[in-house]
Amino acid sequence: MLILGVESSCDETGLALYDTEQGLLSHALHSQVAMHAEYGGVVPELASRDHIRRVLPLTERVLLDAEKTLQDIDAIAYTQGPGLSGALLVGTSFAASLAFSLGIPTIQVHHLEGHLLAPLLEDNPPAFPFVALLVSGGHSQLMRVDGVGEYQLLGDTLDDAAGEAFDKTAKLLGLGYPGGPALAKLAEQSAANSGRSSSPDRLFKLPRPLLNSGDLNFSFSGLKTAVLSLANKHQPLDEATKADIAWEFQEAITEVLSIKCMTALRQTGLDSLVVSGGVGANTKLREKLNAATKAKLCKVSYPRLEFCTDNGAMIAFAGAMRFKAKQVENDYGFSVRPRWDLADLQQP
Ligand code: KG4
Ligand code: ZN
């Protein structure tokens with residue numbers, strides 16, 4: 001069965017073809033980062049218009065790369081939510097109308113389920129059950145995953161998501177959008193300035209929120225405020241000071257995330273951790289998780305870097321899992337779900 005995946009929930013248009021026998025055949029992405037950068041964040045109306053421009057050429061590209069035609073597609077999976085409504089509507093209406101014209105079913109995919117299952121696209125995929133850390137621009141959740149659609153929330157953020165904290169802190173330090181990668185790069189500069197790769201000369205100290213709370217929840221908004229007062233104390237901020245603050249911010253957030261992951265593994269008695277979402281691309285987080293899981297003889301899996309952030313491959317894959325379970329729609333009526341709790345998702 002050949003599934004076309006369509007992702008358009010935010011600022012990336014992603015298309016992919018996934019074959020249930022042969023795996024991922026092709027994928028293509030257009031990122032709108034350069035377009036939104038001059039506004040310092042995503043402008044929803046511009047995002048929708050750009051998805052309209054990109055979706056057809058990208059579909060043609062994935063078909064060409066996989067040497068397939070439209071007639072080879074058995075079903076179309078699309079992100080129904082959560083995300084920006086206008087942006088979601090582009091992918092949704094495109095998927096429903098193409099499916100209608102081809103007389104094939106559509107599959108509605110939850111964006112976070114796409115992220116959650118993305119590590120299963122890799123060779124030697126982790127087996128169920130596992131603990132998942134989902135860290136994106138809008139979410140910071142720990143989940144117990146027993147199978148497709150079997151998600152038990154173990155912990156959540158009480159305020160800002162991890163990616164949001166990276167983005168807001170980056171903005172405070174005068175860095176561009178998206179803030180996560182920019183801040184990570186600046187933090188590296190801090191260590192490089194000291195001539196060592198492992199630590200900077202000057203160590204600031206920021207809080208580790210909820211580290212000892214005994215539960216698996218996160219809170220990152222206080223960290224951002226702590227960065228603000230640190231930055232205010234060192235005005236005017238020179239580049240080296242900014243880099244040292246970025247280093248400590250990254251240390252604080254990745255330490256909290258990795259320690260809570262290990263607590264989740266201990267509490268569930270599971271030995272496999274899966275990391276997904278944009279912040280999962282963070283090198284420092286990966287270093288910490290690799291070391292911590294190794295010490296406890298646990299396994300940790302990540303999607304390849306390009307599948308940490310939004311992409312069509314994860315939507316095609318999640319769609320294929322639901323297609324196998326025969327969870328498809330055939331009436332071509334469509335709607336989007338800009339707000340959609342993963343906990344409301346049914347087992348296929
Ligand atoms: O999963 P994603 O592409 O979109 C959402 O569904 O939110 O995640 C985007 C988030 C942004 O907040 C971005 O700053 C963050 O992931 N991010 C990173 C890195 N790469 C992306 N944060 C820290 N380090 C990175 N290397
Ligand atoms: Zn995402």
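Everything below is about the structure shown above.
Residues numbered from 1 in each chain as written. Chains lettered and ligands numbered in written order. Predicted model: local features only at pLDDT ≥ 70, side-chain atom pairs only at ≥ 80, totals over all residues. Heavy atoms only, no water.

## Section: the coordination of the zinc ion (ligand 2)
Working step 1: Only His111 (NE2), His115 (NE2) and Asp310 (OD) from the protein reach the zinc ion (ligand 2) as donors, at distances of 2.0 to 2.1 Å.
Working step 2: Considering all four donor atoms around the zinc ion (ligand 2), the spread of angles at the metal, 93 to 131°, places the coordination shape in the tetrahedral class.
Working step 3: Expressed as a motif, the donor residue spacing for the zinc ion (ligand 2) is H-x3-H-x194-D. Of this pair, His111 and His115 both sit in helix α4 (residues 111-117), four residues apart, which is roughly one turn of that helix.
Working step 4: A relative accessible area of 7% means that His111 is categorised as buried.
Working step 5: With relative accessibility at 1%, the residue His115 sits in the buried group. (Donors = N, O, S within 2.8 Å, 3.2 Å for Na, K, Ca; no water. Tetrahedral: all angles 85-135°; square planar, octahedral: opposite > 155°, others 65-115°. Helix = DSSP H or I, 4+ residues; strand = E, 2+ residues; numbered from the N terminus. Buried < 20%, exposed > 50% of the residue type's maximum accessible area, 1.4 Å probe, protein only.)

## Focus: helix α8 (residues 239-268)
Working step 1: Taking 1.5 Å per residue, 30 residues should reach 44 Å; α8 reaches 43 Å between its end C-alpha atoms and fits that length.
Working step 2: The element α8 is extensively covered by neighbouring structure, given that 23 of its 30 residues are classed as buried.
Working step 3: N-capping of α8 is provided by Asp238, with a side-chain oxygen placed 3.2 Å from the backbone N of Ala240. (Expected span 1.5 Å × (residues − 1). Polar contact = N/O pair within 3.5 Å; in protein donor to acceptor, adjacent residues only side chain to side chain.)

## As for unusual backbone geometry
Only a minority of non-glycine residues have a phi that is not negative, and only a minority of peptide bonds are not trans.
Working step 1: For the bond running from Phe128 to Pro129, omega is -5°, close enough to zero to count as cis.
Working step 2: Note that Pro129 resides in the loop between α4 and β6 (130-135).
Working step 3: Even without glycine at this site, Leu297 takes up a positive phi of about 55°.

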